[in-house]
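Chain and residue survey
This is what each chain is made of:
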Amino acid sequence: MPTTDKVWPQGTPCWVDCSVDDPAAARDFYSQLLGWEVLDSPPEAGGYLMAMLDGKPAAGIGPKMGPDPMPSVWTTYFAADSADKIAGAVTQAGGAVFMPPFDVMDVGRMFIAADTAGAVFGVWEAKAHTGAQIYNEPGAYCWNDLQTTGYKPSQDFYNSVFGWSFDEIGNEQMPYSTFAGPDGRPMGGMADSSGQPAGAPNYWLTWFQVAGADAALNKANSLGATVLMGPSDSPFGRMGIVSGPQGEVFGLIDTTVTSG
């Protein structure tokens, strides 16, 4: 199984967590759906829960932050050598930093930002917590892609901030690119969603790997989630998109079943 205890290279999707109104209910839902053991954190962590898979940190679950109303969401975090430097790059590239980088106890330094099209993401500078230590495994996240109506401007933004290069693998009907760091290894994707219904938000979508997409989607539905799309086949796997019981959207994919 793919595991690591090293700090992720800058610009790599290194962690995901969901912010919900009821973390205890989310704990029960994802434990049943993805096989997580969800652990309590110290009191000073503010109710944040650590999801473990085979004894390795896989994702986080926490209460919504701040007084303003917000939807339940999954957030993708990108690794940074220096959160402060990346925050400056985000601002310079036209993005928005919602609060200056701050320390999270002794585990890391972070901030939350939005790109020029409004898609929200996190940035994580690792200290004691290096990010996900298990990935590309049933129950763990395996891919993160941006769904955006600002396709080309978003490519320019992330190139400026993280130095990503893009490989166009879609077509005129469905533009899609993978992004890579200096080593050229694809780390995630970007989809042009301008053909979707007007008013749909731009957002980063987290994909969790499963052993059997149909069964996983059926189970999600039985646990109170709503299947928004799928199951459907693709060259990358059999997949579906789900809205969790509290409204957070994520993808499920079986990468062993491909077509095309």
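Overview of the structure. Since the model is a prediction, treat every value here as computed from it, not as a measurement. (Residues numbered from 1 in each chain as written. Predicted model: local features only at pLDDT ≥ 70, side-chain atom pairs only at ≥ 80, totals over all residues. Heavy atoms only, no water.)

**Notes on the packing of helix α2 (residues 83–92) against helix α3 (residues 151–162)**
Note the cut-off: Here, axes are lines fitted to C-alpha atoms. For helices the fit covers the stretch in contact, and angles between N-to-C directions go from 0 to 180 degrees. To qualify as a helix, a DSSP run of H or I must reach at least 4 residues; to qualify as a strand, a run of E must reach at least 2; elements of each kind are numbered from the N terminus. Orientation is classified from the angle alone, with under 35 degrees giving roughly parallel, over 145 giving roughly antiparallel, 65 to 115 giving roughly perpendicular, and any other angle giving oblique. Here a crossing is called left-handed whenever its near helix is offset anticlockwise from the far helix by less than a right angle, and right-handed whenever the offset is clockwise. We call two residues contacting when some pair of their heavy atoms lies within 4.5 Å.
At a closest axis distance of 8 Å, the pairing of α2 and α3 adopts a crossing angle of 150°. Overall, the two elements α2 and α3 adopt an arrangement that is roughly antiparallel. Crossing of α2 against α3: the hand is right-handed. Of the residues in α3, those in contact with I86, A89 and V90 of α2 are F157, V161 and F162.

**Points about the pairing of strand β12 (residues 176–180)**
Our working definition: Relative accessible area decides the class of each residue, using a 1.4 Å probe on protein chains only: under 20% of the type maximum gives buried, over 50% gives exposed, and in between gives partly exposed. Only strands joined by at least two bridges in the DSSP assignment are considered to pair.
The element β12 is extensively covered by neighbouring structure, given that 5 of its 5 residues are classed as buried. With burial as the criterion, each face of β12 is covered, one bearing Y176, T178 and A180 and the other bearing S177 and F179. Relative to β12, strand β11 (residues 165–168) runs antiparallel, the two being bridged by 4 bridges. Bridge assignment links S165 to a residue of β12, and that residue is A180. Two elements, β12 and strand β13 (residues 186–192), share 5 bridges in a ladder whose sense is antiparallel. Bridge assignment links S177 to a residue of β13, and that residue is M190. Counting the residues between successive antiparallel strands, the hairpin from β12 to β13 contains 5 residues, one of them, G184, with a positive phi of roughly 80°.

**Focus on the nonpolar core**
Worth spelling out the cut-off: In this description, a nonpolar core means a group of buried Ala, Val, Leu, Ile, Met, Phe, Trp, Tyr and Cys residues linked to one another through side-chain atoms lying within 4.5 Å.
Formed by 40 residues in total, the largest nonpolar core has its most connected members in Y30, W36, I61, W74, F208, F250 and L252. Of all elements in the fold, only β1 (13–20), α1 (23–34), β3 (49–53), β4 (56–63), β5 (73–79), β8 (108–114), α4 (213–222) and β17 (249–254) reach the threshold of two or more residues within this core. Sequence-distant contacts of F250, defined by excluding residues within four places in its chain, comprise F29, Y30, L33, W74, L205, T206, F208, G240, I241, V242 and G244. Grouped together as the second largest cluster of nonpolar side chains are 23 residues, A119, F157, V161 and W164 included.

**Examining the packing of aromatic side chains**
Let me state the cut-off plainly: Pairing of aromatic side chains here covers Phe, Tyr and the six-membered ring of Trp, requires ring centres within 6.5 Å, and sorts the geometry by plane angle: under 30 degrees stacked, over 60 edge-to-face, intermediate tilted.
The final tally for this structure, using the stated rule, is 24 aromatic pairs. Ring centres of F78 and W204 lie 5.0 Å apart, and the angle between their planes is 70°; this geometry places the pair in the edge-to-face category. A residue pair is termed long-range when its members are at least 10 positions apart, and F78 in strand β5 and W204 in strand β14 (residues 203–209) qualify at 126 residues. Classification of W204 by relative accessible area gives buried; the value is 3%. Here the aromatic rings of F121 and F157 are separated by 6.3 Å at their centres, their planes lie at 65°, and the arrangement is edge-to-face. Note that F121 is positioned in strand β9 (residues 120–126) and F157 in helix α3, a separation of 36 residues in sequence. An aromatic cluster is built from F78, F121, F157, Y158, F162, W164, F166, F179 and W204, whose rings are joined through pairwise contacts.

**Focus on the pattern of salt bridges**
The cut-off we apply is this: Only one rule defines a salt bridge in this text: a Lys or Arg side-chain nitrogen within 4 Å of an Asp or Glu carboxyl oxygen.
As enumerated under the stated definition, the model contains 9 salt bridges in all. Two residues, R27 and D40, come together in a salt bridge whose shortest N-O distance is 3.0 Å. With a gap of 13 residues between them, R27 in helix α1 and D40 in strand β2 (residues 37–40) connect regions that are remote in the sequence. When its relative accessible area of 57% is taken as the criterion, D40 is described as exposed.

**A closer look at the sheet that holds β14**
In space, the 8 strands of this open sheet follow the order β11-β12-β13-β10-β14-β17-β16-β15, with mixed pairing throughout. Whereas interior strands pair on both sides, the edge strands pair on one side only; in this sheet they are β11 and β15 (226–232). Direction aside, the axes of adjacent strands within the sheet are offset by 25° on average. On top of the sheet, α4 reaches β15, β16 (238–243) and β17; it is set at about 10° to β16, its chief contact.

**As for the packing of α1 against α4**
Their axes nearest at 10 Å, the elements α1 and α4 cross at an angle of 155°. Here α1 is positioned roughly antiparallel relative to α4, judged by the angle of their axes. In this structure, α1 crosses over α4, and the sense of that crossing is right-handed. Contacts from F29, Q32 and L33 in α1 reach A216, K219 and A220 in α4.

**Section: the environment of R109**
Let me state the cut-off plainly: Polar contact is defined as a pair of N or O atoms within 3.5 Å, subject to the rule that within protein one atom must be able to donate a hydrogen and the other to accept it, and that residues adjacent in sequence are counted only when both atoms are side-chain atoms.
Inspection of the secondary structure assignment puts R109 in strand β8. Residue R109 is classed as buried on the basis of its relative accessible area of 17%. Separated by 142 residues in the primary sequence, R109 and G251 have C-alpha atoms spaced 27 Å apart. With near-sequence residues (within four places) excluded, R109 lies in contact with A83, D84, P101, F102, D103, V123, W124, E125 and K127. Polar side-chain contacts of R109 include one of 3.3 Å to the backbone oxygen of P101. A polar atom in the side chain of R109 sits 3.1 Å from the side chain of D103.

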